[in-house]
Amino acid sequence: MLQDPLAVHEHIALELWNAKNERGAIPPISARYPEFTALDAYAVQRALRTLEHKNGAVHAGYKIGATSIAIQEMFGVDQPDFGFLTEGMLLADGARLDPGRFISPKVEGEIAFRIGADLSDPRTTAADVLNVTTEVFPALEVLDSRIENWDIAWVDTVADNASSAMAVLGAAVPFDGRDLATETMVFTAGESVQTADGSAVMGHPAESVACLVRILASFGEGIAAGDLVLAGSLAAAVDLEAGATVSASFASLGSVSLSTIGK
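As the structure is a computational prediction, the values presented were derived from the model and not from experiment.

Any chance you could break down the pairing of strand β1 (residues 59-65) for me, citing the residues and the numbers?
Where burial is concerned, most of β1 is hidden: 6 out of the 7 residues are buried. Summarising the sheet, β1 and strand β2 (residues 81-86) pair through 6 bridges and their orientation is antiparallel. Its bridge partner lying in β2, Gly 65 is registered against Asp 81. As paired elements, β1 and strand β11 (residues 228-233) share 3 bridges and run parallel to each other. The residue bridging Tyr 62 from the neighbouring strand is Val 229, located in β11.

Give a detailed account of helix α7 (residues 205-218), specifying residues and quantitative values.
Taking 1.5 Å per residue, 14 residues should reach 20 Å; α7 reaches 21 Å between its end C-alpha atoms and fits that length. With 10 of 14 residues buried, α7 lies mostly within the body of the structure. Of all the residues in α7, the buried ones are Pro 205, Ala 206, Ser 208, Val 209, Ala 210, Cys 211, Leu 212, Val 213, Leu 216 and Ala 217. For α7, the secondary structure elements touched by its buried residues are β1, β2, β5 (106-115), α5 (126-131) and β11. Among the residues trailing α7, Gly 220 stands out with phi positive, at a value near 75°.

What counts, and at which threshold
- Residues numbered from 1 in each chain as written.
- Predicted model: local features only at pLDDT ≥ 70, side-chain atom pairs only at ≥ 80, totals over all residues.
- Heavy atoms only, no water.
- Buried < 20%, exposed > 50% of the residue type's maximum accessible area, 1.4 Å probe, protein only.
- Helix = DSSP H or I, 4+ residues; strand = E, 2+ residues; numbered from the N terminus.
- Pairing = 2+ DSSP bridges.
- Expected span 1.5 Å × (residues − 1).
- Contact = heavy atoms within 4.5 Å.

By themselves, these figures tell us nothing about what the structure is for.
Here's what the structure looks like:
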């Protein structure tokens, strides 16, 4: 057990905050605090969110991570996690990024949901999520780990805001009941081309959002009306390199892209 959990949580949150702002990674939390639990990791994340909000960040929603087999195998984790989104993390389609602003960035192709009503019931289902979804978006999530060399256990990525950095959103598509489980995506980054569909995300991306609600409910929280939720990557993440163009093209949701400066 940690000797002074609150002090440890706030100390690690400050370490992660400084790492993001100074672009210098920290040693793995799991190696330094082998007794760290899921509750400890989420406590660090909440302390990190408080730091962000005290410094002017505005809540925008949530992201869910490790929802597909491809991502779980890639990062060696075995269960979903979540992080928070702020307005400053959201960019429009066609965004041009400087990879130098990150530590070790990666990018994923996802479907994002706009939720039209509060959800906080621990029994929330995918059908409940779809009933209150107002629009969906093609999305690219930029990941970055403030942990050295992406040497992460599950508690490391949870504490580090689920390794989230930014998200690029395509045009909103009013949700009309279309089957998002069969929605296909072609994810292209340089010579890398991956194809996947919505069922890669826990069988249906709305199930991923429902899972988030159930986890939040365990903390006495929930998704609020108007929140944006990134439902998780359909395919494996790829490194975000200088001079790259990355796109996710969906069968009926349109496409979204970003590019990076440099060569």
